[in-house]
Structure formats: structure tokens, C-alpha cells
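Understanding the architecture of this molecule
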Amino acid sequence: MSMIEKTREALLSLYPDQVAASDDPEKKEEESAQEEAAAGEERQPGVMITDYMTRGTHLDLLCEADQVVAAAEIMDRLGYFLEAISGVDRIKEKKMEVIYDYNRSDEQACRVVVRAFLPREKPEIPTVSEVFPAASWHERETHDFFGIRFTGHPYLVPLLLPEDADFHPLLKDFKP
Amino acid sequence: MSVPITCRPDETFVLNLGPQHPATHGVLRVKLTMDGEYIVKAEPVLGYIHRMHEKMAEAGTYAQFMNNTARMDYLHALAYNHGYCLTVERAAGIEVPERVEYIRVITVELNRISSHLLWWAAFVLDLGGFTPLLYAFDDREKILDLLESVTGSRLTYCYFRFGGVYNDIDDNFIEGTRAFLTRLRSRLPRIYHDLVTGNIILRKRIEKIGVVSKEQCRRYGATGPVLRGSGVCYDVRRNEPYSVYPNFDFDVPVYEEGDSMARYMVRMDEIEQSMRIIEQALDQLPEGPIQAKVPKILKPPEGDYYGAVEAARGTFGCRLVSDGTKTPYRLKLRSPTYCNLSMFGEIAEGMLLADALAFMGSLDLVIPEIDR
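Report on the accompanying structure. (Residues numbered from 1 in each chain as written. Chains lettered and ligands numbered in written order. Predicted model: local features only at pLDDT ≥ 70, side-chain atom pairs only at ≥ 80, totals over all residues.)

Some thoughts on the nonpolar core
With 147 residues, the main nonpolar core has Leu61, Val68, Ala71, Val98, Val112 and Val114 of chain A as its most contacted residues. Ranked by residues supplied to this core, first place goes to helix α4 (residues 98-126) of chain B with 15 residues. Each of domain 1 (1-50) and domain 2 (51-364) of chain B accounts for three or more of the residues forming this core. Residues in contact with Ala71 of chain A, not counting those within four places in the same chain, are Leu11, Leu14, Leu61, Cys63 and Val114 of chain A. (Core = buried A, V, L, I, M, F, W, Y, C linked by C-beta atoms within 7 Å. Buried ≥ 20, exposed ≤ 12 C-beta atoms within 10 Å, placed from the backbone. Helix = DSSP H or I, 4+ residues; strand = E, 2+ residues; numbered from the N terminus. Domains from an automatic or database assignment. Contact = placed C-beta atoms within 7 Å.)

Focus on helix α6 (residues 135-146) of chain A
Each α-helix turn comprises 3.6 residues. Residues three or four places apart therefore point the same way. The first and last C-alpha atoms of α6 of chain A sit 16 Å apart over 12 residues, in line with the 16 Å expected at 1.5 Å per residue. Taken together, the buried positions of α6 of chain A are occupied by Ala135, Ser136, Trp137, His138, Glu139, Arg140, Glu141, Thr142, His143, Asp144, Phe145 and Phe146 of chain A. Of the surrounding elements, those touching the buried residues of α6 of chain A are β3 (81-90), β4 (95-103) and β7 (149-151) of chain A together with α12 (336-342) of chain B. Directly after α6 of chain A, the chain includes Gly147 of chain A, whose backbone phi takes a positive value near 75°. (Expected span 1.5 Å × (residues − 1).)

So, the sheet that holds strand β2 (residues 59-63) of chain A
Residues and elements named next belong to chain A. Within the open sheet, the five strands sit side by side as β1-β2-β5-β4-β3. Their pairing is mixed. Here the strands that pair on one side only, and so sit at the sheet edges, are β1 (46-49) and β3. Taken pair by pair, the neighbouring strands of this sheet meet at an average axis angle of 20°, ignoring direction. Bridge count for β1 against β2 is four bridges, and the pairing is antiparallel. Counted as the bridge partner of Ile49 is Leu59 from β2. Lying over the sheet, helix α5 (residues 68-77) contacts β2, β4 and β5 (112-119), oriented at roughly 170° with respect to β5. (Pairing = 2+ DSSP bridges. Axes fitted to C-alpha atoms, helices over the stretch in contact; angles between N-to-C directions.)

Notes on the sheet that holds strand β3 (residues 38-45) of chain B
All names here are of chain B. If you trace the three strands from one edge of the open sheet to the other, you get β1-β2-β3, paired in antiparallel fashion. The open sheet has two edge strands, β1 (13-17) and β3, and neither has a second partner. Recorded for the sheet is a direction-independent mean angle of 25° between the axes of neighbouring strands. When β1 meets strand β2 (residues 29-35), the two strands line up antiparallel, connected through five bridges. Across the sheet, the residue bridging to Asn16 is Lys31, located in β2.

Examining the interface of chain B and chain A
On the side of chain A, 27 residues touch chain B, which itself brings 30 residues to the contact. Broken down by secondary-structure element, the contributors of at least two residues to the side of chain B that touches chain A are α1 (53-57), α8 (214-220), β6 (303-311), β7 (314-322), β8 (330-334) and α12 of chain B. Ranked by residue count, the leading element in the side of chain B that touches chain A is β7 of chain B, at four residues. Split by residue class, the side of chain B that touches chain A holds 11 nonpolar, eight polar and 11 charged. (Nonpolar A, V, L, I, M, F, W, Y, C, P; charged D, E, K, R; others polar.)

Okay, structure coming up:
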């Protein structure tokens, strides 16, 4: 079983009700083919296989904010490392997005994206820094730029911005 | 009347290393809690040269941001050009002509050699050896001259274009590069290795110092020579081949020890591998156009994209979120030493201050790239 399949199956355990439905391989292909067609519609939580050549990633997981720690634990168990965390301010949809990029350092190339949406007026998400210490700085940076609160983070003080900074420059409505 | 100074044996004090300190090579500050000469706790304080490149990306067109990419890691600027170009080309679906890919590989690898030479010079300088710096700068100067002749600049290159490069390489450049490789190949063993690598003082300073395990690398997301010095064979050029790297025969140097010496050896071996790649690329260089047909104003389709390249210090990644307009909606820049430095606190604990500086030098920090 390829690493992509293995990871996909492990991540599907976050969605007990979807496992049975997507075990059928034909259905899976259908799903990835529908990816482009469904771009306009709201995406449902779940794992999606993406085309590496056009997207640069192999798997894409959309989950709830409280599932990111469980997802990180799965990735940790499978030997992934956390490459980056980025925030996106989706001001039109009144949402914030947090994107976790996972990668692995052996010959089985597999890049996994884990993403979660948060309400824009109260952006809070649990920290994954207990699973991956690498997340500590990435989360501090994301907090600097977007004001996203990573609950449970041991030291959420400005990292790149001045220590008394009370502004979040990457918000789309930021006025200098 | 004097008050006698009393000191408890378990007393610690706080020592600020930086933001202006010759060993940090830029404006990095490390807040150290010291017990005598030993480090109890080390906390890097960043942001002294933070310029908010990610916000600048959202203010202009895709092409306008190309200049900024060279100003993060100014020592390996072309890899950053490449990483950004690659991501935007992937998003916009641009096919790159083959000659362009070869020119890109040649210039990126030349730049990698110059970056490693400068690291080598600065690292040995940190440890108290001044003379090697002059040899390394002599060789590096040759590379800067070569790259200046094609890119027009000596340090912060803005040479790549979406689907092309700014300037074709000519016979002068090709001959000059071959002459340079011959020269460096004869100087590497004679000067670099005989003078420095085998030097007992250097070895005593960096062997078994700053040992980083494979697991620590994974937990902190370390990449590049730091990861390869810890025995993990990971190189983006090999693991996720991009551009025309699959056409070349080269090795990925790996050392198991995980100490500063291992990282030193990885970089020295990489210089040789880069020379091999350049030679093969010059031999195989195809004829053809140096620019694909690309619309003047790029509007990549909506969606998000990721692109990664192997820079001199590790994986440089770009996450691009496009909303279908002419400006990037969001551009996240993942810089390698940012992650490599994040483990400094854990490794430096319990180290002698002088050893921690040798360890820091072996991480090859470029501060503008950490702070972005």
C-alpha cells in the first residue's frame, strides 16, 4: 500500500461515518474527478486526493478546528514532520483559515495539507505544539499576523512583530 | 565602605547575545540564562529585521514580488527566485522551455556554491580562523563576476521570469564557468580541506558538539544540511524532483553523526556535487527560446498551490492562495533556517557558551530569511 493510501486511510478515522462510504475504489476516483467541478460549492469536511503536478500536494484534509490535534497525532505516528502553518483571512466569507503543511523525509514523497476554518470574529484553535514543537514558532507567527489564538500554547507572545504589538498586519481590513 | 559581593552557588544570570553580535551574522538576539559558562536556557528573540514580505506580496502583481524573493536569503537568492517562479508557474500552468530549466539549474547551483563558500568562511571566522575567509572570498568573487555577467547584479538577483529567464547565457559565461570549476576543483583539496577540514583546532571545536538526532530534526521540521548531517537522506531535488534535476547524476551527501562536523562535511561535499551538476548541465545545454509565451499580467486560477525547492539551507516552500486576480491573495513563505533555528533552545541547553556559538554557526543562519 502506498504512503498516500495509508495516510488517507489513517486520516479517514477522523470521520467514522465516511469510512464505509469511500472504501470503494471507483468512488474514490469519482471524488477526485469531482474536485474541480465542486470548486464553486462549499467543501464538505473530509480527505481529498489532489493532483501533485498542479497543486503541489498529494492529500488535502478539511477538518473541524477541534480535530487538528487528533490529525497532528496521526501524522506524528506515521512519521511526518510539520513543514509550515499559515493563516488565510477569508474576509468575504467572514472566516479565517489555518493551513498545516505536513511532509515526510523518506523516499515516499507525500505532502499532506490539513486545513480548518474558524469564525472571523473569534478565531480560536487548539495548539499542536505539544505534538510537534516546530509548531510553537509557526503558531506564534500566525498569531502575530492574524490574531488567531492558539489555545493551550505555552508562550503565545509576539515573535516577529515588536513585543508590544497589538495589530495584525495580514488581516485584509488592517489599516496601518 | 564596600559591601562584600556574595553569590549563591546556584545563582544564574541573564546574558543577551545580540542583536548586534559578530557571531550571529545579522540582527539575531538570543536571551541566555547562564550558570557560569553553561547555558541553562536559551530563547532566540526574532524580528529585528522583519519586513513583512508576505504583506508586500499582497500589494503588487505577481511579477512585482519577484524582487522581494531575492531579499530573504540574500546568499542563495536564485533558489528563492526559483521557488517562487515554480509555484506561480504551477498555479498558472506555464510550460517552461528546456533551455530555461538548464540555465536555471546552472545559475542556482553556482549560487549554492557561493553560498556554501561564504558560510564556510564565516563559520571558520567565528571559530577564530581569519585566513580561510580570504581564500573563500577569492573563489566566491569569481562566481559573483560570472553571475553578474548574466543577471546584472551581484547579490540580490532578480533573474528568473515566469516561464523564462531575463538574459541568455553566452559562450563567455560557459567558458568562464568551466574555468572556474577547474580552478575550484584543484583548490578544494589543497586549500579548503588541507588547511581547514583536517585542522586539529577546528576538529576539537566542532566534533561531537551540538549533536542533533533524527527524531529532533523531525519534531522541529529541520531540513537541508542540518537534516542530512543527522543521517536522513532528504533533498527536495531528489525526493520531489523539479526542473531538470532528474537528468543529472549526483549524490546526496549524508553523515550519520549529527554533530557540527557532520553538517560541515555535508556542505563541503555539496559543493562538489553542485560542481558535478553544473558540468553535466553545461554539456547537455540545449538550444531554444529563453522565454515562454506568458500573458503580461498573470491571473492564476482560483485555488491554493504549494511549491518547494532545495535552497542552500534547506527546503524553501511557497504556499500561494490565489483568488483569480492579478495580485496574490496570500503568499506564505516557509524559510528553512526559521525551523532549523527553532530547535536551538533545546539543543543549546547545558552547553558551554563557546560551544553553542560553534553550533549556531553550523546551522548557517541568514537572519533576513528567518525574519522575512
